Amino acid sequence: MFNNAIVRRPSKSMVKGITSNPQLGMPVFENAASQHDEYIATLEKCGVHVHVLEADENYPDACFVEDVAVCTREFSMVANPGTQTRKGEEKEIVQTLKKFYGQIECIKEPGTLEGGDVMMVGDHFYIGLSGRTNAEGARQLIAALEKYGMTGSVVAMQEMLHLKTGLAYLEDNILLVAGEFQSNKQFQEFKKIHIEPDEAYAANCIRVNNAVLVPAGFEKAREKIEVAGLLTATVDTSEFRKLDGGLSCLSLRF
Ligand code: CIR
């Protein structure tokens with residue numbers, strides 16, 4: 001059950017955000033802002049109180065607030081972004097986390113870790129070793145989790161930006177999987193919903209209390225999730241997709 005979410009408004013500087021999909025075009029700020037409004041409204045409908053942070057023009061990717069922290073039931077971990085233009089974003093979240101958490105830990109150099117690489121399954125956390133999260137960052141997170149009675153394990157990865165680019169845990173032992181994770185033996189115990197290559201973006205869904213938020217326009221994925229017995233709600237995130245971001249990236253949920 002999630003009671004809270006933290007989001008950060010997109011900034012006008014988002015047009016300079018990192019992308020591996022320049023063929024999708026540059027995001028249009030006004031459209032991104034209204035999609036962000038819809039995202040907040042949908043989270044609220046799912047019963048979550050949404051704490052909205054102001055846009056930060058200094059960091060074009062700062063609306064992807066998931067990457068700068070990991071929120072667990074006992075503590076929050078301030079991340080250390082693994083790419084130059086995002087370094088410093090994590091400092092902007094600390095005061096907000098302090099409102100919700102008594103226990104705050106930090107990933108320290110030479111460790112790097114981004115929250116998009118961390119998937120929570122109950123008290124266990126899967127940590128993707130991506131281009132952004134290194135083994136030392138993962139080791140520090142696992143040590144902190146163990147200190148608070150939880151566990152973590154690492155997942156090797158080659159292709160995706162973040163672990164949750166291709167995986168989403170929907171509770172009830174159900175896992176959405178795309179691309180390189182589909183045949184990964186670490187996930188064989190889950191009831192898997194396979195996302196087809198032409199809908200790979202839809203692997204980044206989020207379960208928020210009774211509903212699964214699915215990006216608009218990915219009908220095959222939405223239907224499969226409904227067939228698995230889950231309620232869905234769609235949100236258009238097409239402007240954020242232009243910067244490789246999706247539904248999970250836009251909030252911290254706890
Ligand atoms: C970046 O490359 O950092 C942003 N353009 C996208 C971040 C997406 N975040 C996520 O998957 N958790």
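Everything here concerns the structure above.
In this text, all values refer to a predicted model and were calculated from it rather than measured experimentally.

Details of the site of the ligand
Thinking step 1. Neighbouring the ligand are 13 residues; Asp61, Asp67, Arg132, Leu243 and Cys249 lie closest to it.
Thinking step 2. One nitrogen or oxygen atom from the side chain of Arg86 is found 2.8 Å from an oxygen atom belonging to the ligand.
Thinking step 3. Here an oxygen atom of the ligand sits 2.8 Å away from a polar atom, N or O, in the side chain of Arg132.
Thinking step 4. The fraction of the free accessible surface of the ligand (350 Å²) that becomes covered by protein chains is 99%.
Thinking step 5. Its residues placed into classes, the shell around the ligand shows four nonpolar, three polar and six charged.

Thoughts on the sheet that holds strand 11 (residues 191-194)
Thinking step 1. The strand order across the open sheet built from three strands is 9-10-11, with neighbouring strands paired in mixed fashion. At either margin of the open sheet sits one strand with a lone partner, and together these are strand 9 (167-169) and strand 11. Strand-to-strand twist of the sheet, defined as the mean angle between neighbouring strand axes without regard to direction, takes the value 20°.
Thinking step 2. Where strand 9 lies against strand 10 (residues 174-177), three bridges are found, and the strand directions are antiparallel. Each bridged residue has a counterpart across the sheet, and for Ala168 the counterpart in strand 10 is Leu176.

Observations regarding the sheet that holds strand 13 (residues 211-215)
Thinking step 1. Taken together, the three strands give an open sheet; going across it, the order is 12-13-14, and neighbouring strands pair in mixed fashion. The open sheet is flanked by strand 12 (206-208) and strand 14 (231-235), the only strands paired with a single partner. Here the strands of the sheet are splayed against their neighbours by 35° on average, with no regard to which way each runs.
Thinking step 2. Here strand 12 pairs with strand 13 via three bridges, running antiparallel. Its bridge partner being in strand 13, Arg207 is matched across the sheet by Val212.
Thinking step 3. Strands in contact with helix 4 (residues 219-227) are strand 13 and strand 14; relative to strand 14, the strand with the most contacts, it is inclined by about 160°.

With respect to the state of the cysteines
Thinking step 1. A complete count under the given rule lists zero disulfides for this structure.
Thinking step 2. Unpaired in this structure, Cys46 has its nearest cysteine sulfur neighbour in Cys205, at a distance of 12 Å.
Thinking step 3. By relative accessible area, which is 14% here, Cys46 ends up buried.
Thinking step 4. Cys205 takes part in no disulfide bond, and the closest cysteine sulfur to it belongs to Cys249, at a distance of 12 Å.
Thinking step 5. Look at Cys205 and you get buried, because its relative accessible area is 4%.

Conventions used here
- Residues numbered from 1 in each chain as written.
- Predicted model: local features only at pLDDT ≥ 70, side-chain atom pairs only at ≥ 80, totals over all residues.
- Heavy atoms only, no water.
- Near = heavy atom within 4 Å.
- Polar contact = N/O pair within 3.5 Å; in protein donor to acceptor, adjacent residues only side chain to side chain.
- Areas by Shrake-Rupley, 256 points an atom, 1.4 Å probe, with all protein chains shown as cover.
- Nonpolar A, V, L, I, M, F, W, Y, C, P; charged D, E, K, R; others polar.
- Pairing = 2+ DSSP bridges.
- Helix = DSSP H or I, 4+ residues; strand = E, 2+ residues; numbered from the N terminus.
- Axes fitted to C-alpha atoms, helices over the stretch in contact; angles between N-to-C directions.
- Contact = heavy atoms within 4.5 Å.
- Disulfide = S-S within 2.5 Å.
- Buried < 20%, exposed > 50% of the residue type's maximum accessible area, 1.4 Å probe, protein only.

Function cannot be inferred from these measures alone, as they are strictly geometric.
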